[in-house]
Amino acid sequence: MSAISANEISKNFGEVTAVDRISLAVRDGEFMVLLGPSGCGKTTFLRIIAGLEQQSAGDILIGGAVVNGVPPRARGIAMVFQSYGLYPHFTIRDNIAFPLKTQRVPKPQIRPKVAWAAQLLGIEHLLDRRPRQLSGGERQRVALARALVRDPTVFLLDEPLSNLDAKLRASARNEIKQFQQRVGTTTIYVTHDQVEAMGMGDRIAVINQGKVRQVGTPTTIYEDPADRFVATFVGTPPMNLVTWNSGHLGFRPEHFLPKEMIQDGAVTEFSYRVNRTEYLGSERIVYGELDGLLSPQEVTAKLPPAHVPLESIRPGEWHAFAVRNGQLCYFDEDGKRARRH
Amino acid sequence: MVAIAEKIHGSRSRFQFVFDRPRVLGAAFLTPAILYILLLVGLPFLLAVYYALSAYTIYNPSYHFVGLRNFVEVVESDIFRRTLLNTFIFTIGSQILGLILGKFGALLVLRPFPGRKIVRALIILPWAVPIALATVAWEWMFDSLYSVINWTLIALGLMSRADAPNWLGEPGLAMLCVIIVNAWRFFPFAIVIFLAGITAVPQDVLDAATVDGAGFWRRNYQIIVPIIAPIVVVGLIFGTVFTFTDLSIVYLLTNGGPVNATPVLGNLGFQIGILSGDVAHGAAVSLFMFPVLFLLVIVMLRFIRRREI
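Residues numbered from 1 in each chain as written. Chains lettered and ligands numbered in written order. Predicted model: local features only at pLDDT ≥ 70, side-chain atom pairs only at ≥ 80, totals over all residues. Heavy atoms only, no water.

## Topic: unusual backbone geometry
Residues and elements named next belong to chain A. This is how it is decided: Starting at the N terminus, helices and strands are each numbered in turn, a helix being any DSSP run of H or I of at least four residues and a strand any DSSP run of E of at least two.
Looking along the chain, the bond that leaves Thr-236 and enters Pro-237 is cis, with omega of -10 degrees. Secondary-structure assignment places Pro-237 in the loop between helix 8 (228–233) and strand 11 (240–244). In this structure, Asp-151 takes a positive phi of about 50 degrees despite not being glycine. Counting through the fold element by element, Asp-151 comes out in the loop between helix 4 (136–148) and strand 7 (154–158).

This is how it looks when you write it as structure tokens:
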């Protein structure tokens, strides 16, 4: 049974359609990531699940029951906000205890529960401080503890890492994922960062312009994108697209290699003019353009430096590059994936 | 390099960059404000102290030092004690009423509804209308014969003509009237203060409280009010200081009547010191505002500082 399902959810703000008939089923215990560019409707959709916004049409089911019109406090959800939404005038202890107090949990039960949540997130030593005395990473843990303390059926996380610096973000990503696996609570996680989505999600729902473009595991999303948007939104650098008949031909930069590096299988060859190379330590990014059957088009290659010496690829030179046929994706004129070109 | 530096150094006056020095520029900017306070606040205050310690009247303007005798006489007077009590009732009553109206008014105009902008503009009116004009209008509403309030209550069948209250004629009701008029004048200011505070509460915090299960009252009194308390306290200091020292509404609406039920310190000081010409006692009455306001401001400022740390 799905822990949460959304049936044909739409949300209009006046003339603007923020969410356009989104249907999504999240399994029990699953870590589902909603991934999309800013303004795509993912946060609005999350707020509809939370009950902070009312949908214009469609049904939300939590644990099999329709919760349309049910206020947030009765939905059994807990939410972590982008800027954490901690109560600045409460101590950390009171922040974490607040959801229990509103539920009229007896006082003797509150203290051990708060201690349990604080211990799970390693913030016991901060309990008597106030939010403004905490660092970004610490505040984020407090927000998680506050979400955890009421034993929710679902965690809703709205870009919880976007206020952290890049270094902290990587470790916090790991922590949240481990934490979710330990407590096993169904989680919906909104982000615009594809690295977070790929690294944390059991499944990813890619959203653009209010519509779900594809739902799948990180592997499926990356290797078998449903359309041109998904293909170019996920991956750094993004998938190369070259015009091909009426549609596009796509291939990942790391699959676009010097011909001599591919020994086996059928390949498609390209004549590739190198414009510039970037040395990034663990990899090398090559910027250039294709010619031959196609009009000149910008294409990026990502090479492991160990395999190709830096000196052998110089700006201005033409090289024979190739892609394995199995790694080519064809998109029709509407941007949909076509299995045969 | 050396030559250029020497040239600049040598050919310019050493005062040329004098306004680039923070000490000089700061002093230049602060002087007008300091002069203003010294001349228009400090000097009158010292003059009041000077007169309060004398037997100065406009009929006998020679200076004769009498120590604290004026203060003792003032404190022993029943009218003064009644007035002091009135001042507290008037100030506290109108501030509480104004804050309640301001809080709910702010919540009301925060919600989007058709014509909200017009309502927001209209709400400022009580504050903008000259107090003398507004008080005359209120005087008619409280009039013993022509009161619209009584007329409405009678027309609705809520009271008979015989029971119609004489708003300004009965001591308790007259005090209620001046409190209502002052609260009416103060509440637009309170709305502005509350609006500024409430709109500064992060949406994430309000959403978190909603998700955490806080209903309307809990969200308001455990989350919003504590967060905006420092701003509200600043507003309250202003409101209290202005109300405690105000005499215009009482002067215009009841002129202290009926039977000394409504005069506040300002009225009594004005009555004794200016109208009766007994400057010394008038100054002594007015100086009783000082310790009260001084303590009040210190308490409130301490409160704000504690909240900020």
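## Description of the packing of aromatic side chains
Counted only if it meets this: Only centres within 6.5 Å qualify two rings of Phe, Tyr or Trp (six-membered ring in Trp) as a pair; their planes then separate them into stacked at under 30 degrees, edge-to-face at over 60, and tilted for everything else. Charge-over-ring placement is defined geometrically: NZ (Lys) or CZ (Arg) within 6 Å of the ring centre, and within 35 degrees of the ring normal.
For the structure shown, the criterion picks out 30 aromatic pairs over all chains. When the ring of Tyr-251 of chain B is compared with that of Phe-270 of chain B, the centres are 5.8 Å apart and the planes differ by 90 degrees; the resulting orientation is edge-to-face. One end of the pair, Tyr-251 of chain B, is in helix 12 (residues 248–253); the other, Phe-270 of chain B, is in helix 13 (residues 265–275), with 19 residues separating them in the sequence. One aromatic cluster in this structure is built from Phe-251, Phe-256, Phe-270, Tyr-272 and Phe-321 of chain A. In this arrangement the basic side chain of Arg-146 of chain A is found over the ring face of Tyr-87 of chain A, its NZ or CZ atom lying 4.6 Å from the centre. One Lys or Arg, Arg-252 of chain A, reaches over the ring of Tyr-222 of chain A and ends 3.9 Å from the middle of that ring.

## A short note on the domain arrangement of chain A
Residue and element names in this part refer to chain A. The following threshold applies: Domain borders in the structure are assigned automatically or taken from a domain database. Two parts lose some accessible area (1.4 Å probe) when they are put together, and adding that loss for both gives the buried area. The rule for a salt bridge is simple: a side-chain nitrogen of Lys or Arg has to be within 4 Å of a carboxyl oxygen of Asp or Glu. Side-chain classes are defined by residue name, with Ala, Val, Leu, Ile, Met, Phe, Trp, Tyr, Cys and Pro counting as nonpolar, Asp, Glu, Lys and Arg as charged, and the others, Gly among them, as polar.
If you check the domain split of chain A, you get domain 1 (4–228) and domain 2 (236–338). Contact with domain 2 buries area across many residues of domain 1, yet Tyr-222, Pro-225 and Arg-228 alone supply 66% of it, more than any other trio. For the interface between domain 1 and domain 2, the tally reads one salt bridge. Between Arg-337 and Asp-224 there is a salt bridge, and its shortest N-O distance comes to 2.8 Å. Considered class by class, the residues forming the side of domain 1 that touches domain 2 number four nonpolar, one polar and three charged.

## Examining the pairing of strand 9 (residues 203–208) of chain A
Residues and elements named next belong to chain A. To keep things clear, this is the line we draw: For the exposure calls, accessible area comes from a 1.4 Å probe over protein chains only, and a residue counts as buried if that area is under 20% of its type's maximum, exposed if over 50%, partly exposed in between. By definition, two strands form a pair when at least two bridges between them are found by DSSP.
For strand 9, the buried fraction is high: six of the six residues fall into the buried class. Along strand 9, one buried face is formed by Arg-203, Ala-205 and Ile-207 and the opposite face, lined by Ile-204, Val-206 and Asn-208, is buried too. Two strands pair when backbone bridges link them, and strand 3 (residues 31–35) and strand 9 are joined in this way by four bridges, in the parallel orientation. Bridge pairing in strand 9 links Val-33 to Ile-204. Note: strand 9 against strand 10 (residues 211–216), five bridges, orientation antiparallel. The residue bridging Val-206 from the neighbouring strand is Gln-214, located in strand 10. As consecutive antiparallel partners, strand 9 and strand 10 are separated by two residues, and within that stretch Gln-209 has a phi angle of approximately 50 degrees, a positive value.

## Here we look at the layout of surface pockets
Remark: the empty space left among the atoms is shown by a probe the size of a water molecule rolled over them. All names here are of chain B. We count it as follows: Both site types are read off a 1 Å grid over the protein atoms alone. A 1.4 Å probe that fits but cannot get out defines a cavity, while an open set with protein on both sides within 12 Å along at least five of seven lines defines a pocket; lining residues have an atom within 4 Å of a point. Grid points are joined across faces, edges and corners, and a volume is the space filled by probe spheres set on the points.
In this model, the largest pocket occupies a volume close to 870 Å³. Residue lining of the largest pocket: 25 residues in total, with Arg-111, Gln-203, Leu-206, Thr-210 and Arg-219 positioned closest to the centre. Of all elements in the fold, only helix 4 (78–110), helix 9 (171–199), helix 10 (203–211) and helix 11 (216–245) reach the threshold of two or more residues within the lining of the largest pocket. Residues belonging to the lining of the largest pocket are distributed by class as follows: 14 nonpolar, six polar and five charged.

## Concerning the environment of Asn-150 of chain B
All names here are of chain B. What counts here: In what follows, residue pairs with any heavy atoms lying within 4.5 Å of each other are defined as contacts. Two N or O atoms form a polar contact when they lie within 3.5 Å of each other; inside protein one atom must be a possible hydrogen donor and the other a possible acceptor, and for residues adjacent in sequence the pair counts only when both atoms belong to side chains.
Relative to the helices and strands, Asn-150 is located in helix 8 (residues 148–155). Given a relative accessible area of 4%, Asn-150 falls into the buried group. C-alpha separation for the pair Asn-150 and Asn-267, spaced 117 residues apart in sequence, amounts to 29 Å. Other than its neighbours up to four places away in sequence, Asn-150 contacts Ala-164, Pro-165 and Trp-167. Within the local environment of Asn-150, its side chain forms a polar contact with the backbone oxygen of Pro-165, the two atoms lying 2.9 Å apart.

## Overview of helix 8 of chain B
The N-cap residue of helix 8 of chain B is Ser-147 of chain B: its side-chain oxygen and the backbone nitrogen of Ile-149 of chain B are 3.2 Å apart. Looking one or two places after helix 8 of chain B, you find Gly-157 of chain B, whose phi comes out positive at around 75 degrees.

## Topic: the interface of chain B and chain A
Each side of the interface is counted separately: chain B has 18 residues, and chain A has 25 residues. Together chain B and chain A conceal approximately 1,700 Å² of surface at their shared face, both sides included; 59% is due to carbon and sulfur atoms. Among the residues chain B hides against chain A, the three largest losses belong to Asp-204, Val-211 and Asp-212 of chain B. Together they make up 37% of the total. Applying the counting rule to chain B against chain A returns two salt bridges. The set of elements that each furnish at least two residues to the side of chain B that touches chain A consists of helix 10, helix 11 and helix 15 (289–308) of chain B. Top element by residues in the side of chain B that touches chain A is helix 10 of chain B. It accounts for seven residues. For the side of chain B that touches chain A, the residue count by class is nine nonpolar, three polar and six charged.

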